[in-house]
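# Overview (structure and organization)
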Amino acid sequence: MGNCCSDVAGGQSAVGGTGKNQNDPAYSPNEAVDAFLKSRGYQGLYSQIELSLSASSLRDRDVLSKSDPMAVLYSKEKDGSLKELSRTEVVLNSLNPKWITKYTIAYYFETVQNLVFRVYDVDTQFHNQDVKMLKLEEQDFLGEASCTLAQIVTKSGRSLTLDLVCGEQSSGQTHARKLGKLTVLAEESVSSKTTIELRLRCSELESKDLFSKSDPFLVVSKATESGMVVPICKTEVIKNDHSPIWKSVFLNIQQIGSKDSPLTIECYDFNSNGKHSLLGKIHKSLSDLEKLHSAGTGANLFIPAALGPNQQNKSLDFIQVLKSQLFVESYSEKIQYTFLDYLAWGYELNFMVAIDFTASNGNPRLPDSLHYIDPSGRPNAYQRAILDVGEVLQYYDTDKHFPAWGFGARPIDGPVSHCFNLNGSNSYCEVEGIQGIMMAYMSALHNVSLAGPTLFGPVITSAAHIASQSFTNNERKYFVLLIITDGVITDLQETMDALVQAADMPLSILIVGVGGADFKEMEILDADKGERLESTTGRVAVRDIVQFVPLRDVQNGDVSVVQSLLAELPSQFLEFMRFRKVQPTL
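The notes below deal with the structure included here. Predicted model, so just to flag it, every value in this text is computed and none were measured.

### Some thoughts on the side chain of His418
- Turning to its location among the elements, His418 is positioned in the loop between strand S22 (409-411) and strand S23 (420-421).
- Overall, His418 belongs to the buried group, its relative accessible area being 19%.
- If sequence neighbours within four positions are ignored, His418 has contacts with Gly406, Phe407, Gly408, Gly452, Pro453, Leu455, Pro458 and Val459.

### Some remarks on empty space enclosed by the protein
- One pass over the full model with this rule turns up 3 cavities of 30 Å³ or more.
- Of the volumes computed, that of the largest cavity is approximately 60 Å³.
- Taken together, Leu51, Leu53, Ala71, Val72, Leu73, Ser86, Thr88, Thr101, Lys102, Tyr103 and Phe117 make up the full set of residues lining the largest cavity.
- Among the residues making up the lining of the largest cavity, the classes are represented as 7 nonpolar, 3 polar and 1 charged.

### Quick look at the nonpolar core
- In this structure, Tyr107 and Phe357 are the most contacted members of the largest nonpolar core, which totals 86 residues.
- Residue contributions to this core reach at least three from each of two domains, namely domain 1 (47-167 + 176-191) and domain 3 (342-580).

### Section: the side chain of Asp486
- Mapped onto the elements, Asp486 comes out in the loop between strand S26 (477-485) and helix H9 (492-502).
- Within the structure, Asp486 has its side chain in polar contact with the side chain of Asn361 (distance 3.3 Å).
- Excluding residues that lie within four positions of it along the chain, Asp486 makes contacts with Asp356, Thr358, Ser360, Asn361, Leu370, Tyr382, Val514, Ala517 and Phe519.

### Side note on the packing of helix H8 (residues 457-472) against H9
- Interaxial distance between H8 and H9 falls to 9 Å at its minimum, and their mutual angle equals 10°. Between H8 and H9, the angle falls in the class roughly parallel. Like other packed secondary-structure pairs, H8 and H9 cross with a definite hand, here left-handed. Judged by residue contacts, Gly457, Ile460, Thr461 and Ala464 of H8 engage Thr495, Ala498, Leu499 and Ala502 from H9.

### Some details on the pattern of salt bridges
- As enumerated under the stated definition, the model contains 12 salt bridges in all.
- For the salt bridge of Arg158 with Asp341, the shortest nitrogen-to-oxygen distance reads 3.0 Å. You can see Arg158 sitting in the loop between helix H2 (149-153) and strand S10 (159-165) and its partner Asp341 sitting in helix H5 (residues 339-344), a full 183 residues away along the chain.
- Note that Asp504 and Arg539 form a salt bridge whose closest N and O atoms lie 2.6 Å from each other. Here Asp504, found in the loop between H9 and strand S27 (507-513), pairs with Arg539, found in the loop between helix H10 (520-525) and strand S28 (546-550); they are 35 residues apart in sequence, far enough to count as distant.
- We classify Asp504 as buried; its relative accessible area is 12%.
- Residue classification places Arg539 among the partly exposed positions, given a relative accessible area of 30%.
- Linked through salt bridges whose partners overlap, the residues forming this network are Arg158, Glu188 and Asp341.

### Here's the deal with H9
- Listed in full, the buried residues belonging to H9 are Thr495, Met496, Ala498, Leu499, Val500 and Ala502.
- Lining the buried residues of H9 we find H8, S27, H10 and S28.

### Section: unusual backbone geometry
- Of the consecutive residues Gly452 and Pro453, the connecting peptide bond is found in the cis state with omega at 0°.
- Following the sequence through the fold, Pro453 ends up in the loop between strand S25 (448-450) and H8.
- Even without a glycine there, the phi angle at Ser57 is positive, about 55°.
- Assignment of secondary structure puts Ser57 in the loop between strand S3 (46-56) and strand S4 (69-76).
- On the accessibility criterion, Ser57 (54% relative accessible area) is exposed.
- Its identity is not glycine, yet Glu204 carries a phi of approximately 55°, on the positive side.
- In this structure, Glu204 sits in the loop between strand S12 (194-203) and strand S13 (216-223).
- With relative accessibility at 44%, the residue Glu204 sits in the partly exposed group.

### Thoughts on the environment of Ser277
- Mapping Ser277 onto the fold places it in strand S17 (residues 277-284).
- A sequence separation of 63 residues divides Ser277 from Ser214, and the C-alpha atoms of the two residues are 9.5 Å apart.
- Contact partners of Ser277, with chain neighbours within four places excluded, come to Lys208, Cys267, Tyr268, Asp269 and Asn271.
- Within the structure, the side chain of Ser277 is placed 3.4 Å from the side chain of Asn271, a separation counted as a polar contact.

### So, the pairing of S12
- Taken across its 10 residues, S12 has 8 buried, putting it largely inside the fold.
- Bridging between S12 and strand S19 (residues 319-335) involves 10 bridges; their strand directions are antiparallel. Across the sheet, Leu200 pairs through a bridge with Val328, a residue of S19.
- By the bridge criterion, 4 bridges tie S12 to strand S15 (residues 249-252) in an arrangement that is antiparallel. Within S15, the residue paired with Thr195 across the bridge is Asn252.

### Re the packing of aromatic side chains
- Summed over all chains, the structure comprises 19 aromatic pairs.
- Ring centres of Tyr337 and Tyr342 lie 6.4 Å apart, and the angle between their planes is 70°; this geometry places the pair in the edge-to-face category.
- The class of Tyr342 is buried, set by a relative accessible area of 2%.
- Taken together, a centroid distance of 5.2 Å and an interplanar angle of 90° make the contact between Phe339 and Phe573 edge-to-face. Taken together, the residues Phe339 in helix H5 and Phe573 in helix H13 (residues 569-579) connect sequence positions 234 residues apart.

Reading guide: rules and limits
- Residues numbered from 1 in each chain as written.
- Predicted model: local features only at pLDDT ≥ 70, side-chain atom pairs only at ≥ 80, totals over all residues.
- Heavy atoms only, no water.
- Helix = DSSP H or I, 4+ residues; strand = E, 2+ residues; numbered from the N terminus.
- Buried < 20%, exposed > 50% of the residue type's maximum accessible area, 1.4 Å probe, protein only.
- Contact = heavy atoms within 4.5 Å.
- 1 Å grid on protein atoms, 1.4 Å probe; cavity = no way out; pocket = protein on both sides within 12 Å on 5 of 7 lines; lining within 4 Å.
- Points joined across faces, edges and corners; volume = space filled by probe spheres on them.
- Nonpolar A, V, L, I, M, F, W, Y, C, P; charged D, E, K, R; others polar.
- Core = buried A, V, L, I, M, F, W, Y, C linked by side-chain atoms within 4.5 Å.
- Domains from an automatic or database assignment.
- Polar contact = N/O pair within 3.5 Å; in protein donor to acceptor, adjacent residues only side chain to side chain.
- Axes fitted to C-alpha atoms, helices over the stretch in contact; angles between N-to-C directions.
- Parallel < 35°, antiparallel > 145°, perpendicular 65-115°, else oblique.
- Left-handed = near helix turned anticlockwise from the far one by under 90°.
- Salt bridge = Lys/Arg side-chain N within 4 Å of Asp/Glu carboxyl O.
- Pairing = 2+ DSSP bridges.
- Phe/Tyr/Trp six-rings, centres within 6.5 Å; stacked < 30°, edge-to-face > 60°.

Written out as structure tokens, the structure is:
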């Protein structure tokens, strides 16, 4: 920021402001995390949010004039340390400033983004300095406020007003001395809403199967600045077809970069073992695809050609151009309603949890049990999943009354139940808050006998029933069921039947696998890596609503269970809204 002045409302002056702040690169979208998630089929969405700040009733620290306030924005890291992100300009002689400087931050649904705001009165002798060069310890502290980004974007109008308090009291102490108010306004970037709808087809694909035609699907990828190629969307699998026409895919301009950013479109022959055969690929930008559509022409696919033993220059890329072609059946650009638009309209995410109490978890009283409650307070795998997922989702549910069930156990004086209320009640299943879930879980460990087998169908049916009733009553709610399990399910087809029915409802299902069991069947339920689920009657699920993560795959890595589980949820939410043609009135 330079030393510039600008007029603001009321004839006040601003010092050191440019109206737009360049982001800290360290707080920009994390390509490594995105690549990890997307390589596993997860398609996390993020939105660019512009934050505007204003304050009222600030303390007056000047003798002959009013304070000259400046706001500083920080992110609060996991270890509690603060990382400075931005400074506003200095507004002269005002106790009710409206700062011009904005800060653009990437909003990620799947992470808790803690923000801290501090307001300072800048001494007159420093007014000619660039605000970035000011030493904050030399300025008068006027107050501090903290919140999460989720708390801002879920408020009506995306505007949140916070009490400014002394620094050591900003964590929420009830008797903190109030030092004025700070209002944070969040506005979503238009680029977050601009979406390209494409419908693609191919002709004359080669056959990779001996006795039938190929089962083709497309994967669209982009190249990051570091050169890493990451997938951003894929089509469904079309069986036994060499001239397939796929359903429309939606590409977000912000996610891609621009219409001229290069994309790679690959066509694969689906194989149930996960080793899909490449049928051909092509490099095109959205602008190129738009031209193909306008001209009504196709573009030839190619595959990398193997080098012969006598070819010397192995540094060159050799390709084999195929007769197979890619066509763009339809191309349209539109402003789509975003996940944040639905939140602003009043939609909530309601958290549910179902816990596996089968005997394979081990005796809860022994340290080697997955249900063992450590006296030191260290959470077991079940507690950790509840805490981590609940920490994110709780901000999207106003009443914080969460349905909670157990399955695979025998309650006192009763038969084995595959869906019992965790709170022990016969009439209602809800508990209050994340701590309510934790307390009900620990109580249940003393009041049930672990049994089996492992059945998912009943709890999925219960969750879908609640979601169905809510949707019928026109409630603005979307439900998220977390199932935590240690074992191989024994009702695979019944579970698939329940999921096909549940896909019609405002519901997503997150499954965390704990322990060392073989979770291959969970991969079947998570249709990211295969075909859509099909019921006993032959009905195919209208959408994929399951996300599965084995805890052992992520617990030692850089990506948390929460990121892995929740990255796809906004996409599933939007897919439901478009499927049901629900549009927000903003």
